[in-house]
Amino acid sequence: MTNIAHQLESIRSQFPSLARTINGTPAVYLDGPAGTQVPQRVVDCISNSMLHHNANRSGRFATSREVDEQMSQSHRVFADFLGAASPDSIAFGPNMTSLTLQFSRALAKQWRPGDRILVSSLDHDANFTPWVLAAKDAGVEVKAIGIRSSDATLDMNSLDELLTDRTRLVAVTAASNAVGSLTPIREIANRSHAVGAELFVDAVHLAPHRSIDVTELDCDFLVCSAYKFFGPHIGVLYGRTQRMLELTPYKLRPAPDSLPGRWMTGTQNHACIAGAAEAVEYIASLSTIADSGSNLRFRIMDAMKAISEYETQLVAHLIQGLASISGIRTFGITGSQRMVERAPTVCFQVDGRKSIDVAQYLGDNGVFSWHGNYYALPLTQALGTEPDGMVRLGCMHYNTVDEIDRTLELINRLSAR
Ligand SMILES: Cc1ncc(COP(=O)(O)O)c(C=O)c1O
């Protein structure tokens, strides 16, 4: 059985940045929700690609053929990463935001006055404003699904109240990048499809923490971003093959009409797309299932199961530790029985201190955290944490219990001052 704790030394040795020290003490990277650290093999892959396989596509010479082959391979790897039946249903782009903005324009062309679009108050702005802008252009109504402020989870009753037979799209996150709450995507898909609406899922925050299966989730479209799971800055879009063929992309003549190229505008970042696929291979390498060359999906799922088990222990330890410090208010799901309902991302406030000052104190002492609202403004407004925001600690599989203890010790010291 794959177990992350048993592999921690070997895992950490693959990330050169984890050896860094700040004022003589080892740095603690709890800033992963804003971008994770990168293993050496991903950097080597990007560097190899740029040094030895650097060409534009479709040429009749060796390096161009190699880029074509590497791109095809990256589409296959990401189909395995997301559980998609076809590599053609995977498109790459600069980041999730750009892909979503571009895609929203294509989808909005099908909307008519009187239609309704649903976004959610749990979401990052990247899955909120693109739909608000597209709805404005198309002259359709936008409503935001509310949250339950008691545990910062999506309010499914609010979803039911807002869904009508004129709802064309539901855009929702799979996990909050601020407070870590997971959303029941399969259930949201069922309810959306029941009224004829499509479902667009932001899986940016979920991707480093759980395996994703677009087929099982039954979502129509899903986006993620490789720099959140140990890769470079590349966005990935999945769409149902039929829909990706039917919709008309905003594209130029150099992009083909066929899949997947019709959704990939301009010259792609070939080296980083290769690196993003290598990040998926890195995740799969954590599985103890032997690599048979054709079982990538199984190895990813096995590794992600082990990652989520390990991270669930880390976050339970962190939340329990925060609860034992006086003057700390932790947001989101905190009950020990409910840890599986959350990603290992925790937001808290220290009584009488601004989040920026807490993050500064932690940073000065070698612990990297974030402060503010993480562009999840409707959520932080609903939680009443504006304008000072919250401090965010995000655990990744490369973090250790010792690091969590060091962080808790610092928070304890600060709150006692
Ligand atoms: C949940 C979530 N969605 C979307 C984004 C935007 O992703 P990108 O930076 O790839 O545009 C972020 C970035 O922090 C995020 O956390």
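Going by the structure above, here's the rest.
Report follows, based on the coordinates.

### Section: the overall build of the chain
- Secondary structure assignment for the chain yields 14 helices and 17 strands.
- Taking 22 Å as the expected radius of gyration for a compact globule of 417 residues, we find that the chain reaches 21 Å, a close match to that expectation.
- Viewed in the frame of its principal axes, the chain has a C-alpha envelope of about 65 × 55 × 35 Å.
- Put simply, the chain has 417 residues, and 57% of those count as buried.
- If you take every contact in the chain between residues at least 6 apart in sequence, the share linking residues at least 24 apart comes to 70%.
- Looking at the chain as shown, the accessible area adds up to about 17300 Å², and 50% of this sits on carbon and sulfur atoms.
- Here the chain holds 37 positive side-chain charges and 43 negative ones, and the gap between their average locations is 5 Å.

### Quick word on the packing of helix α4 (residues 96-108) against helix α5 (residues 129-138)
- At a minimum axis separation of 9 Å, α4 and α5 run at an interaxial angle of 30°. Considered as vectors, α4 and α5 are oriented roughly parallel to each other. Handedness of the α4/α5 crossing: right-handed. Contacts from T100, L101, F103, S104, L107 and A108 in α4 reach P130, W131, L133, A134 and A138 in α5.
- Residues belonging to the contact of α4 with α5 are distributed by class as follows: nine nonpolar, two polar and no charged.

### Brief notes about the sheet that holds strand β9 (residues 167-173)
- Pairing within the open sheet is mixed, and its seven strands lie in the order β4-β12-β11-β10-β9-β5-β6. With partners counted over all chains shown, the strands left at the sheet margins are β4 (90-93) and β6 (141-145), one partner each. Strand-to-strand twist in this sheet, taken as the mean axis angle between neighbours without regard to direction, amounts to 20°.

### Some details on the environment of H205
- Relative to the helices and strands, H205 resides in the loop between β10 (198-202) and α8 (214-217).
- Counting along the chain gives 81 residues from H205 to H124, while the straight-line C-alpha distance between them is 9.6 Å.
- The residues contacting H205, other than those within four sequence positions of it, are P33, A175, S176, N177, A343 and T345.

### Quick notes on the pattern of salt bridges
- Taken as a whole and assessed by the stated rule, the structure comprises 22 salt bridges.
- For the salt bridge of D115 with R168, the shortest nitrogen-to-oxygen distance reads 2.8 Å. Remark: R168 occurs in strand β9 and D115 occurs in the loop between α4 and β5 (116-120); sequence separation between them is 53 residues.
- What emerges from the salt-bridge pattern is a single network uniting R148, D151, R338 and E341.

### Side note on the pairing of strand β12 (residues 235-239)
- Among the five residues that make up β12, five are buried, leaving the element largely enclosed by the rest of the structure.
- Where burial is concerned, the two faces of β12 agree: the one with G235, L237 and G239 and the one with V236 and Y238 are both buried.
- As paired elements, β4 and β12 share four bridges and run antiparallel to each other. When the bridges of β12 are listed, G93 appears paired with G235.
- For strand β11 (residues 221-225) and β12, the ladder comprises five bridges, and the chain directions are antiparallel. Along β12, the bridge assignment pairs C224 with V236.

### Things to note about helix α3 (residues 62-82)
- With 21 residues, α3 extends 30 Å from end C-alpha to end C-alpha; this agrees with the ideal 30 Å at 1.5 Å per step.
- Inspection of α3 places S64, V67, D68, M71, S74, H75, V77, F78, A79, F81 and L82 among the buried residues, and these make up the whole buried set.
- Those residues of α3 that are buried lie in contact with β4, α8, β11, β12, α10 (270-285) and α11 (296-323).

### What to know about the site of the ligand
- Residues in close proximity to the ligand include N95, M96, T97, H124, A126, N177, D202, V204, S225, Y227 and K228, which together make up its full environment.
- Here an oxygen atom of the ligand and a side-chain polar atom of T97 are 2.5 Å apart.
- Taking S225, its side chain carries an N or O atom lying 2.4 Å from an oxygen atom of the ligand.
- Burial of the ligand by the protein amounts to 89% of the accessible area it has alone, namely 390 Å².
- In this structure the site holding the ligand corresponds to the largest pocket.
- For the shell around the ligand, the residue count by class is four nonpolar, five polar and two charged.

### Brief notes about the layout of surface pockets
- For the largest pocket, the calculated volume is near 490 Å³.
- Forming the boundary of the largest pocket are 23 residues, of which H124, N177, K228, Y374 and Y375 lie nearest the centre.
- Broken down by secondary-structure element, the contributors of at least two residues to the lining of the largest pocket are α4 and β16 (370-372).
- The element contributing the most residues to the lining of the largest pocket is β16, with three residues.

### A short note on the side chain of S49
- Its place among the elements puts S49 in helix α2 (residues 40-52).
- For S49, a relative accessible area of 10% corresponds to the buried category.
- The contact partners of S49, leaving out residues within four places of it in the chain, are N54, H270, A271 and A274.

Analysis parameters
Residues numbered from 1 in each chain as written. Predicted model: local features only at pLDDT ≥ 70, side-chain atom pairs only at ≥ 80, totals over all residues. Heavy atoms only, no water. Helix = DSSP H or I, 4+ residues; strand = E, 2+ residues; numbered from the N terminus. Rg over C-alpha atoms; globule rule 2.2 N^0.38 Å. Buried < 20%, exposed > 50% of the residue type's maximum accessible area, 1.4 Å probe, protein only. Contact = heavy atoms within 4.5 Å. Areas by Shrake-Rupley, 256 points an atom, 1.4 Å probe, with all protein chains shown as cover. Lys, Arg positive; Asp, Glu negative; His and termini not counted. Charge placed at Lys NZ, Arg CZ, Asp CG, Glu CD. Axes fitted to C-alpha atoms, helices over the stretch in contact; angles between N-to-C directions. Parallel < 35°, antiparallel > 145°, perpendicular 65-115°, else oblique. Left-handed = near helix turned anticlockwise from the far one by under 90°. Nonpolar A, V, L, I, M, F, W, Y, C, P; charged D, E, K, R; others polar. Pairing = 2+ DSSP bridges. Salt bridge = Lys/Arg side-chain N within 4 Å of Asp/Glu carboxyl O. Expected span 1.5 Å × (residues − 1). Near = heavy atom within 4 Å. Polar contact = N/O pair within 3.5 Å; in protein donor to acceptor, adjacent residues only side chain to side chain. 1 Å grid on protein atoms, 1.4 Å probe; cavity = no way out; pocket = protein on both sides within 12 Å on 5 of 7 lines; lining within 4 Å. Sits in = over half its atoms within 2 Å of the grid points. Points joined across faces, edges and corners; volume = space filled by probe spheres on them.

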